[in-house]
Amino acid sequence: MAYKKTEHYDEHVTLGLATNYKNSLSLLGEDAEREGLLKTPERVAKAMQYLTQGYQMDAKLILESAKFHEEVSEMVIVKDIELYSMCEHHMLPFFGKAHIAYIPNGWITGLSKIARVVDVYSRRLQVQERLTTQILEAIKESLNPMGVAVVIEAQHLCMMMRGVQKQNSVTTTSAFSGEFQKEATRAEFMKLISGRFN
Ligand SMILES: [Zn+2]
């Protein structure tokens, strides 16, 4: 059978959310009964469940599903991982890139699993600072590496569309553990993700 992508939404949750979004549309001054908006509450209900699916995912389970014993102690870097999340203060998107590195201590994981950990924590209501440390902690606990480094660069629509309207500002957050707390190791990582290598 050919590949078929299916998405499952909880009917009870979808109905509850849709009812609330229909009410929100009216409160915002819209006519929720006009043609273009008829299916919008249900679409938003499903979109929001999709964007918050990280609550149902377990980062450590994902990392450990492809955990292999390997005697390497060179820095493993996955950079430019696309990231889409939503700020928990305004429920508006923030998006950008994550750069992650770890130094194995006998165990490695699939590179795609590192990228999936970003999804686990970004598909929730978040603040960029917590997202950064949650990714670090999950890798640290699952692989027990010599060190982990996480850098996230993101633009926040709540800053760009409202409030201070700083349209080009990029927020950078970082978290380092173990070997990456040493100046030289951290500098090597920062150099490798800065793009001078490609
Ligand atoms: Zn915000």
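Note that the coordinates shown come from a computational prediction; the quantities given were computed from them, not determined experimentally.

What counts, and at which threshold
Residues numbered from 1 in each chain as written. Predicted model: local features only at pLDDT ≥ 70, side-chain atom pairs only at ≥ 80, totals over all residues. Heavy atoms only, no water. Donors = N, O, S within 2.8 Å, 3.2 Å for Na, K, Ca; no water. Helix = DSSP H or I, 4+ residues; strand = E, 2+ residues; numbered from the N terminus. Buried < 20%, exposed > 50% of the residue type's maximum accessible area, 1.4 Å probe, protein only. Core = buried A, V, L, I, M, F, W, Y, C linked by side-chain atoms within 4.5 Å. Contact = heavy atoms within 4.5 Å. Pairing = 2+ DSSP bridges. Axes fitted to C-alpha atoms, helices over the stretch in contact; angles between N-to-C directions. Parallel < 35°, antiparallel > 145°, perpendicular 65-115°, else oblique. Left-handed = near helix turned anticlockwise from the far one by under 90°. Nonpolar A, V, L, I, M, F, W, Y, C, P; charged D, E, K, R; others polar.

Peer 1: Explanation requested: the coordination of the zinc ion in the structure shown.
Peer 2: Octahedral metal centres with six donors ideally show angles of 90 or 180 degrees, and tetrahedral centres with four donors ideally show 109.5 degrees. Those protein atoms acting as donors to the zinc ion are C87 (SG), H90 (ND1) and C158 (SG), and they sit at 2.2 to 2.3 Å. Written as a sequence motif, the donor residues of the zinc ion are C-x2-H-x67-C. Separated by 68 residues along the polypeptide, H90 in the loop between β2 (76-87) and β3 (93-103) and C158 in helix α6 (residues 157-160) bring together distant segments of the chain. For C158, a relative accessible area of 10% gives the class buried.

Peer 1: Explain the nonpolar core here, please?
Peer 2: If you look at soluble globular proteins, the nonpolar side chains tend to sit buried side by side. Membership of the largest hydrophobic core comes to 30 residues, with the highest contact counts inside it found for I100, Y102, I114, Y121, I135, I139 and I152. Aside from chain neighbours lying at most four places away, what touches I135 is I100, V117, V118, Y121, V150 and I152. Within the second largest apolar cluster, eight residues are counted, among which are A101, I103, V151 and I193.

Peer 1: It is not clear to me how the pairing of strand β6 (residues 147-156) should be interpreted in this structure. Could you clarify?
Peer 2: Successive residues of a regular strand alternate their side chains across the two faces of the sheet. Counting buried positions along β6 yields eight of ten residues, so the element is predominantly enclosed. Where β3 and β6 come together, ten bridges link them in antiparallel fashion. Note that in β6 the partner of G96 across the bridge is A154. Bridge count for β6 against strand β7 (residues 171-178) is eight bridges, and the pairing is antiparallel.

Peer 1: In this structure, what is going on with the packing of helix α4 (residues 111-122) against helix α5 (residues 128-143)? I would like to understand it.
Peer 2: The relative placement of two packed helices is expressed as an angle between their axes plus a distance between the axes. Orientation of α4 relative to α5, taken along the N-to-C sense of each, is 135°, at an axis distance of 10 Å. Put simply, α4 runs oblique to α5. Seen from above, α4 lies across α5 with right-handed handedness. Across the interface between the two elements, I114, V117, V118, Y121 and S122 of α4 pack against L131, Q134, I135, A138 and I139 of α5. A breakdown of the residues in the contact of α4 with α5 according to their chemical character gives eight nonpolar, two polar and no charged.

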